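Topology and contacts: notes
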Amino acid sequence: MRMKKVLLIDYYGICDKDGRAVGHSPKVLEEYSTLLGDCYTVSVAASPCLIKEAGEQFHDKYTLRYDIYSDREMSVRKRIQDKVRLFFNINEALKLDGYDIYWFYKTDFFLFFFLCFRGIRQDRKSAKYMAQIYQAGFGQSRLAPVLNWFYRRGMRKFDGITYAQKDMAGLHPNMMYFPDYYYDPGKYQKYRKAEKQEKAVCLGTMNTYKRLQELIEAFGSNGYPLEIKGYFYDKNYYRNLREGLAQNIVLEDRILSEEEYYRTLAGAKYIVLPYDMGQYQSRTSGVLIESLFLDTVAIAPKQLLAENQIGGIGYDRIEELKDITFLTRIPVSNDHDRIKEFDKNEIAGRLTGFMNSL
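Presented here is an overview of the structure given in this document. (Residues numbered from 1 in each chain as written. Predicted model: local features only at pLDDT ≥ 70, side-chain atom pairs only at ≥ 80, totals over all residues. Heavy atoms only, no water.)

1. Points about the pairing of strand 11 (residues 226-230)
Note on strand geometry: in a regular strand, side chains alternate between the two faces of the sheet. Across the five residues that make up strand 11, a large majority, five, are buried. Relative to strand 11, strand 10 (residues 197-203) is paired through four bridges, and the arrangement is parallel. Bridged to Val201 within strand 11 is Glu227. What joins strand 10 to strand 11 is helix 7 (residues 212-222), and the crossover it makes is right-handed. Note that strand 11 and strand 12 (residues 249-253) share five bridges and pair parallel. Bridging from a neighbouring strand, Ile228 pairs with Leu251 of strand 12. For the crossover from strand 11 across helix 8 (residues 235-242) to strand 12, the handedness is right-handed. (Buried < 20%, exposed > 50% of the residue type's maximum accessible area, 1.4 Å probe, protein only. Helix = DSSP H or I, 4+ residues; strand = E, 2+ residues; numbered from the N terminus. Pairing = 2+ DSSP bridges. Right-handed = clockwise from strand over helix to strand, strands pointing away.)

Laid out in structure tokens, this is it:
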């Protein structure tokens with residue numbers, strides 16, 4: 001019996017000036033191909049920086065035309081050019097023939113906006129289309145009703161939607177909860193043995209969603225060791241943060257290897273996620289999920305912890321961290337049975353079942 005053919009699509013590969021992929025996209029691509037590999041013939045269509053890092057497990061690898069470079073100045077002109085590049089990549093991916101299921105596993109608003117004006121199926125009436133979404137909507141701004149209308153209208157073009165946060169259900173008639181990452185004991189167990197150091201870390205890409213200036217001021221006041229390590233999109237912002245940095249704070253602008261990322265996260269007592277919830281509401285966080293896997297206590301906005309149903313030490317205002325006694329609060333414990341929810345085999349079974357039902 002012929003195995004169904006799945007095409008994984010990432011039209012939004014972000015890279016630095018040297019063409020190295022930034023963020024979790026290479027890791028997610030690897031994990032999703034592993035989940036599907038026993039049941040499907042898996043291929044990928046992605047930006048050049050992601051294809052460069054894709055393994056040999058893929059049947060076919062298609063290099064889309066554009067990367068999105070993060071090091072260039074974020075002028076209005078660049079923002080417009082980047083959106084045009086995304087549209088070219090999306091269009092190019094949709095022209096690829098010969099697959100039973102097309103899965104846009106990393107998406108943003110502009111995919112759904114674009115599809116409001118373009119047919120998705122062309123002559124492939126038997127093919128099925130899926131998309132993974134990472135946010136329920138666009139907050140309370142004046143533009144939110146318009147953005148939400150395009151977002152949901154574009155979703156209608158898909159046969160199925162996977163979503164990363166439980167409160168996103170109801171946006172589409174056919175949806176399945178599918179977390180960012182799965183728990184693989186063979187991968188995480190060795191890091192769980194790390195001895196916890198008396199420090200807090202802040203890891204990942206350093207973007208406008210994170211209130212880093214306020215975080216640095218808070219830990220400058222409380223004196224507790226803090227390490228901020230990750231890739232900064234805005235180099236001027238990074239240089240400004242370094243000015244007058246307190247001695248208890250380490251600030252580094254670089255892409256961590258997967259090994260260093262896990263050792264740093266597992267070896268810290270706390271992971272701080274200083275998200276601006278005005279911009280980040282109803283979203284998930286891969287670092288937050290992995291803090292659960294590695295028994296590192298999360299310090300984050302109460303709203304973020306509640307929306308993701310993960311324990312930790314929550315705050316209403318980031319300024320609360322200026323008081324060192326904040327760290328003596330008893331964290332809300334994680335129910336370790338929750339790790340079963342992220343079990344690799346469980347998630348693989350649900351995902352393949354959902355795809356087969358399309």
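Next comes the rest of the account.
2. A short note on the environment of Met168
Its place among the elements puts Met168 in the loop between strand 8 (160-163) and strand 9 (175-177). With 150 residues separating them along the chain, Met168 and Ile318 place their C-alpha atoms 26 Å apart.

3. Observations regarding unusual backbone geometry
For residues other than glycine, phi is negative in most cases, and the peptide bonds are mostly trans. One non-glycine residue, Asp295, lies in the positive phi region at around 60°. Structurally, Asp295 is set in the loop between helix 11 (286-293) and strand 14 (297-301). Although it is not a glycine, Gln309 sits at a positive phi angle of roughly 55°. Relative to the helices and strands, Gln309 is located in the loop between helix 12 (302-308) and strand 15 (313-315). Residue classification places Gln309 among the partly exposed positions, given a relative accessible area of 42%.

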